[in-house]
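Summary of structural features
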Amino acid sequence: MGEPTENEAIVEEREELMVSLFADGKPNLRLAHFLKPASSSIDAPVPKLFSLHSFAPEALPFKVGFSGWRTPSKCWGFWVDVLRPRYQLIWEKAGIFEAIMSSTCAIKRYDELIIGLAEKWNPATNTFIFPWGETTISLEDVMVLGGYSVIGFPVTCSRDSHELREAEDKLLEECKKLQGGVGKRIRQKAWVQSFMGTGKDIEHEAFLSLWLTRFVLQDPLGVIRKRLFPIACLLAKGEPMALGPAVLAGIYRDLTLLKETIVAIESAEVDDSVLEVRLCSPMQLVQLWAWERFPALQPKPKAIEYHDPRSARWSNVKILKVDNVRMVLDSSGETFEWRPYARVVDNWRFHEFYKEKEEWISVDQPFSRELFSFVLCLRPSELVGLGPGSIQQYLPHRVAMQFGIDQDVPCHVARSNETPEVAWNNYLRPINGSKFYVPSRFFESDITVQYLEWWKKVSMVVQKDVIKGITRRRRSSRKRPERIPWVKPRKGENDASVPPGFPPKLASVKPEPCVDEAEPEAFEVSNKDTNVTTGPLSHDKCYVTNDQELSPSVADNGGPVKIELSITPTQKVMRIETQSSGPARVIKEVAKESESEIEFPLDDKENISRYDETRAIALDMKVSRLEARVSRIEEAFAKLKTAKRA
């Protein structure tokens, strides 16, 4: 079968020879259901696999900063409790009630589990590739575990109404008062003190602005993001926003960043530096995904009350640590929970799409919000978020068993990510076909004989990488790469005027003022025939100035410009962050500062970086090593010169 068209139905019904993924029984000819697009040939291409590099926990050659993993403070929980009686109906209408309640849950972090999962991540398909099968964190997981809506307006939209503009202007006016001058950031702590319990007419909008900044579309510096004010104003009026796709896009982006870093430095040694990767998405959802599906890694869940979010089961539970997380992940195929949310949990309400019996539903009849959400969970699409790397491909047909549907060989899906506008229209395209299939929550799905043969080819590659990973963990020596692949030399970097072996001259630029982002530009409607669903969208590459301050400035020609700053000879940290949409990355070097000098908003010290962000310097690893060596040579030469004079 060729590449799919948008007119194809989501679920296909046909007779096939089916086998269990792990049982050794004979194939069974039966009527089965498959997610489109699927191929009937075992000659379908094997997905491009990134090597499954891995490290022993004690030998991990870099640090991971979880800027998006926020622990709720008592202050935040109090504010939620104060506003809930008044605004719960509005939160439910906007589809954010469970998400707000989930933000009051404290999830203890198990770093080794996150790293172990990242080692299995395949950026080419946005899925985890285990020796026993392919899985992923899906829109269903973000919707159930995080409480985020997958329907509504995109996070890039802007709606021009007098009422919304008035509320946004009031928020901006409060920002000016709190800033107290040009270039000053507005810390979340000051924001809370200015609004919580004051009874101001925009307290609700201010509350939602903080929630979005701190828990949903996080700001790593702990400052209020003005870019999110329009979203907060829409939510305050009960307008649903598609926060689920935006959150999932950020998670996919960060898993890819973490995996690319693992692959790039697997054989590296960093002189006088510690490599740090900072992740800004709510990665606790990845850990919750694993706890729900891997029984061997699952802590004892808590009993929940009626109306509690699903994540409350795991709030403040004691982590179950195992000796070898990677071995558990590699050997859990037969115990993996493909549909954990279809199981009974006391006081937890089943969503409408977890039905007792399978059902075909006519597309012509009105869909409930939950059924339409399930439709979006099942079809391949583009996920639209905010900031760099904000458009990610979503391929649920590769993991159909997670939705109670049989698995066939998956087809390739072409991208529709030219612009956020195009990507969003792809995500919210019309439902095709006359009927839509919803499986029974009791059904145990199987795989086709063709898929079994196709997977054998994939698993051979995976098994080789697992064996190589075990061998690598037994060795202690590692070679150093010449350059991290995503850090490319600038044009003219190796100029003849620069002696060989010495770093090139750096273009000095004036950093942008430390203020929030400018008003985002809206899309202009193209003259071409396009079906725009929601109105103007802001550009994918526009992201907050706070993020830009941590990234190299962009020259007029679009190329990166490096910033030259003086730095004291303290311990250095190499920081890897997302710079732009796509695979390009940036490595930064900052001086480590004393913890006492850092302000921790809302008493959440674990989630704020301990390094002074304003002293960032964009140098690649090779230049950094050369500078360190030159410095040591100069110091030795000075000592020899002093000794000679004496």
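Residues numbered from 1 in each chain as written. Predicted model: local features only at pLDDT ≥ 70, side-chain atom pairs only at ≥ 80, totals over all residues. Heavy atoms only, no water.

1. Let's talk about empty space enclosed by the protein
All told, the structure shown has seven cavities of 30 Å³ or more when counted by the stated rule. When residues of the lining of the second largest cavity are traced back to their parent elements, those giving at least two are helix H2 (97-102), helix H7 (203-216) and helix H10 (284-293). The biggest single contributor to the lining of the second largest cavity is H10, with three residues. Residues belonging to the lining of the second largest cavity are distributed by class as follows: 11 nonpolar, six polar and one charged. (1 Å grid on protein atoms, 1.4 Å probe; cavity = no way out; pocket = protein on both sides within 12 Å on 5 of 7 lines; lining within 4 Å. Points joined across faces, edges and corners; volume = space filled by probe spheres on them. Helix = DSSP H or I, 4+ residues; strand = E, 2+ residues; numbered from the N terminus. Nonpolar A, V, L, I, M, F, W, Y, C, P; charged D, E, K, R; others polar.)

2. A short note on the packing of aromatic side chains
Considering all chains together, one arrives at 33 aromatic pairs under this definition. Summarising the aromatic geometry, the rings of tryptophan 132 and phenylalanine 336 are spaced 5.1 Å apart at their centres and angled 45 degrees between planes, so their arrangement reads as tilted. Of this pair, tryptophan 132 sits in the loop between strand S6 (127-130) and strand S7 (133-135) while phenylalanine 336 sits in the loop between helix H11 (325-330) and strand S9 (359-362), and the two are 204 residues apart along the sequence. For the pair formed by tryptophan 132 and phenylalanine 336, the shared burial category is buried. Residues phenylalanine 336 and tryptophan 338 carry aromatic rings whose centres are separated by 4.8 Å and whose planes lie at 80 degrees to one another, so their mutual orientation is edge-to-face. Judged by relative accessible area, which is 5%, phenylalanine 336 ranks as buried. Given a relative accessible area of 13%, tryptophan 338 falls into the buried group. Here a set of aromatic residues connected by ring pairs shows up, and it is made of Trp121, Phe128, Phe130, Trp132, Tyr252, Trp289, Phe294, Phe336 and Trp338. Sitting over the ring of phenylalanine 195, lysine 200 keeps its end group 5.0 Å from the ring centre. The ring centre of tryptophan 348 lies 4.5 Å from the NZ or CZ of arginine 310, which sits over that ring. (Phe/Tyr/Trp six-rings, centres within 6.5 Å; stacked < 30°, edge-to-face > 60°. Buried < 20%, exposed > 50% of the residue type's maximum accessible area, 1.4 Å probe, protein only. Lys NZ or Arg CZ within 6 Å of the ring centre and 35° of its normal.)

3. Thoughts on the pairing of strand S10 (residues 381-384)
As paired strands, S10 and strand S11 (residues 391-394) are joined by four bridges and run antiparallel to one another. Considered in S11, the bridge of serine 381 is made with tyrosine 394. Count of turn residues in the S10/S11 antiparallel hairpin: six residues, of which glycine 387 carries a positive phi of about 85 degrees. (Pairing = 2+ DSSP bridges.)

4. Brief notes about the sheet that holds strand S14 (residues 447-448)
The strand order S2-S1-S14 describes an open sheet built from three strands, whose pairing is antiparallel. In the strand order of this sheet, the two ends are held by strand S2 (28-35) and S14, each with one partner. Inspection of the sheet shows strand S1 (residues 11-19) paired to S2 by eight bridges, in the antiparallel sense. Bridge pairing in S2 places valine 11 opposite leucine 35.

5. Here we look at the packing of helix H5 (residues 162-179) against helix H6 (residues 188-195)
At their nearest, the axes of H5 and H6 sit 11 Å apart, and the two run at 115 degrees to each other. Crossing of H5 over H6 shows right-handed handedness. Taken together, the residues of H6 that come into contact with H5 (itself represented by Leu171, Glu174, Cys175 and Leu178) are Ala190, Trp191, Ser194 and Phe195. Classifying every residue of the contact of H5 with H6 gives six nonpolar, one polar and one charged. (Axes fitted to C-alpha atoms, helices over the stretch in contact; angles between N-to-C directions. Left-handed = near helix turned anticlockwise from the far one by under 90°. Contact = heavy atoms within 4.5 Å.)

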